[in-house]
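Each chain, written out:
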Amino acid sequence: MSGSPDDDELEELREKKMEQLREQQGGGTDTEAQDAMREQAEAQKQALLRQYLTDGARKRLNSVKMSKPDFAEQVEQQVVALARSGRIQGQIDEEKMKDLLRELKPDSQSFDIRRR
(Lines give C-alpha, C1' and ligand atoms only; values in the text may rest on other atoms or scores of the structure.)
Protein backbone atom coordinates (compact mmCIF):
# COMPACT_ATOMS: atom_id res chain seq x y z
CA MET A 1 0.00 0.00 0.00
CA SER A 2 2.91 2.36 0.59
CA GLY A 3 3.81 2.07 -3.15
CA SER A 4 0.46 3.40 -4.34
CA PRO A 5 1.05 7.15 -3.69
CA ASP A 6 4.39 6.98 -5.46
CA ASP A 7 2.76 5.31 -8.45
CA ASP A 8 0.12 8.06 -8.57
CA GLU A 9 2.82 10.75 -8.46
CA LEU A 10 4.76 8.98 -11.18
CA GLU A 11 1.67 8.77 -13.36
CA GLU A 12 1.00 12.50 -12.85
CA LEU A 13 4.56 13.34 -13.82
CA ARG A 14 4.29 11.19 -16.94
CA GLU A 15 1.06 12.91 -17.96
CA LYS A 16 2.58 16.35 -17.45
CA LYS A 17 5.64 15.40 -19.47
CA MET A 18 3.48 14.00 -22.30
CA GLU A 19 1.43 17.20 -22.31
CA GLN A 20 4.60 19.29 -22.56
CA LEU A 21 5.84 17.16 -25.44
CA ARG A 22 2.52 17.56 -27.28
CA GLU A 23 2.70 21.33 -26.85
CA GLN A 24 6.25 21.40 -28.13
CA GLN A 25 5.32 19.34 -31.17
CA GLY A 26 2.36 21.58 -31.86
CA GLY A 27 4.60 24.63 -31.56
CA GLY A 28 7.09 22.99 -33.87
CA THR A 29 4.61 22.89 -36.71
CA ASP A 30 4.01 26.62 -36.27
CA THR A 31 7.69 27.40 -36.62
CA GLU A 32 7.93 25.08 -39.62
CA ALA A 33 5.04 26.92 -41.24
CA GLN A 34 6.69 30.25 -40.52
CA ASP A 35 9.97 28.99 -41.98
CA ALA A 36 8.16 27.79 -45.10
CA MET A 37 6.43 31.15 -45.49
CA ARG A 38 9.74 32.97 -45.02
CA GLU A 39 11.41 30.77 -47.65
CA GLN A 40 8.53 31.36 -50.07
CA ALA A 41 8.75 35.13 -49.57
CA GLU A 42 12.51 35.01 -50.13
CA ALA A 43 12.02 32.99 -53.34
CA GLN A 44 9.47 35.53 -54.60
CA LYS A 45 11.85 38.38 -53.80
CA GLN A 46 14.70 36.67 -55.66
CA ALA A 47 12.44 36.04 -58.67
CA LEU A 48 11.46 39.72 -58.80
CA LEU A 49 15.10 40.78 -58.52
CA ARG A 50 16.07 38.42 -61.35
CA GLN A 51 13.25 39.84 -63.46
CA TYR A 52 13.99 43.53 -62.90
CA LEU A 53 17.79 43.63 -62.52
CA THR A 54 20.32 43.16 -65.29
CA ASP A 55 23.39 40.99 -64.71
CA GLY A 56 25.58 44.02 -63.99
CA ALA A 57 23.11 45.41 -61.47
CA ARG A 58 22.84 42.04 -59.73
CA LYS A 59 26.64 41.78 -59.53
CA ARG A 60 26.86 45.27 -58.03
CA LEU A 61 24.14 44.46 -55.51
CA ASN A 62 25.92 41.21 -54.56
CA SER A 63 29.16 43.17 -54.05
CA VAL A 64 27.34 45.54 -51.73
CA LYS A 65 25.77 42.57 -49.94
CA MET A 66 29.23 41.16 -49.18
CA SER A 67 30.37 44.33 -47.44
CA LYS A 68 27.11 45.75 -46.07
CA PRO A 69 24.39 43.06 -45.82
CA ASP A 70 21.90 45.29 -43.98
CA PHE A 71 22.17 48.05 -46.57
CA ALA A 72 21.88 45.54 -49.43
CA GLU A 73 18.71 44.12 -47.83
CA GLN A 74 17.28 47.64 -47.70
CA VAL A 75 18.08 48.16 -51.39
CA GLU A 76 16.50 44.81 -52.29
CA GLN A 77 13.34 45.75 -50.38
CA GLN A 78 13.23 49.08 -52.21
CA VAL A 79 13.56 47.40 -55.61
CA VAL A 80 10.84 44.88 -54.72
CA ALA A 81 8.55 47.69 -53.54
CA LEU A 82 9.13 49.64 -56.76
CA ALA A 83 8.48 46.52 -58.84
CA ARG A 84 5.26 45.66 -57.01
CA SER A 85 3.96 49.20 -57.32
CA GLY A 86 4.68 49.20 -61.06
CA ARG A 87 7.11 52.12 -60.99
CA ILE A 88 9.88 50.24 -62.79
CA GLN A 89 9.88 50.50 -66.57
CA GLY A 90 12.10 47.87 -68.16
CA GLN A 91 15.07 46.64 -66.18
CA ILE A 92 17.42 48.34 -63.77
CA ASP A 93 20.89 48.40 -65.28
CA GLU A 94 24.17 48.99 -63.49
CA GLU A 95 24.01 52.79 -63.84
CA LYS A 96 20.49 52.94 -62.40
CA MET A 97 21.64 50.66 -59.58
CA LYS A 98 24.52 53.05 -58.82
CA ASP A 99 22.02 55.93 -58.65
CA LEU A 100 19.72 53.92 -56.38
CA LEU A 101 22.63 53.00 -54.10
CA ARG A 102 23.72 56.64 -53.88
CA GLU A 103 20.16 57.71 -53.14
CA LEU A 104 19.66 55.16 -50.37
CA LYS A 105 23.17 55.45 -48.90
CA PRO A 106 23.06 56.75 -45.35
CA ASP A 107 24.59 60.16 -44.96
CA SER A 108 28.11 59.76 -43.78
CA GLN A 109 29.39 62.34 -41.41
CA SER A 110 32.54 64.07 -42.43
CA PHE A 111 34.88 65.45 -39.88
CA ASP A 112 36.80 68.48 -41.02
CA ILE A 113 39.61 69.25 -38.64
CA ARG A 114 41.19 72.64 -39.08
CA ARG A 115 44.33 73.46 -37.21
CA ARG A 116 45.15 77.03 -36.35
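That block above? That's the structure.
Conventions used here
Residues numbered from 1 in each chain as written. Predicted model: local features only at pLDDT ≥ 70, side-chain atom pairs only at ≥ 80, totals over all residues. Heavy atoms only, no water. Helix = DSSP H or I, 4+ residues; strand = E, 2+ residues; numbered from the N terminus. Expected span 1.5 Å × (residues − 1). Buried < 20%, exposed > 50% of the residue type's maximum accessible area, 1.4 Å probe, protein only. Axes fitted to C-alpha atoms, helices over the stretch in contact; angles between N-to-C directions. Left-handed = near helix turned anticlockwise from the far one by under 90°. Contact = heavy atoms within 4.5 Å. Nonpolar A, V, L, I, M, F, W, Y, C, P; charged D, E, K, R; others polar. Arc of directions from axis to C-beta.

Attention now moves to helix α3 (residues 69–85). The first and last C-alpha atoms of α3 sit 24 Å apart over 17 residues, in line with the 24 Å expected at 1.5 Å per residue. Buried residues of α3: Phe-71, Ala-72, Val-75, Glu-76, Val-79, Val-80, Leu-82 and Ala-83, and no others. Where α3 ends, the next residue or the one after it, Gly-86, has phi of about 85°, a positive value.

Two elements in contact, α3 and helix α4 (residues 94–104), have axes whose closest approach is 11 Å; the angle formed by their N-to-C orientations is 115°. Our pair here, α3 against α4, has a crossing hand that is right-handed. Across the interface between the two elements, Phe-71, Gln-74, Val-75, Gln-78 and Val-79 from α3 touch Met-97, Leu-100, Leu-101 and Leu-104 from α4. The residue makeup of the contact of α3 with α4, split by class, is seven nonpolar, two polar and no charged.

It is worth spelling out helix α2 (residues 55–67) at this point. For α2, spanning 13 residues, the distance from its first C-alpha to its last is 19 Å, which sits close to the expected 18 Å at 1.5 Å a residue. Every buried residue of α2 is listed here: Ala-57, Leu-61 and Val-64. What you see down the axis of α2 is that its buried residues fit within an arc of 60°, all on one side. Seen from the open side of α2, the exposed residues pointing more than 90 degrees away from its buried face are Asp-55, Lys-59, Met-66 and Ser-67. Looking at the buried residues of α2, the elements they touch are α3 and α4.

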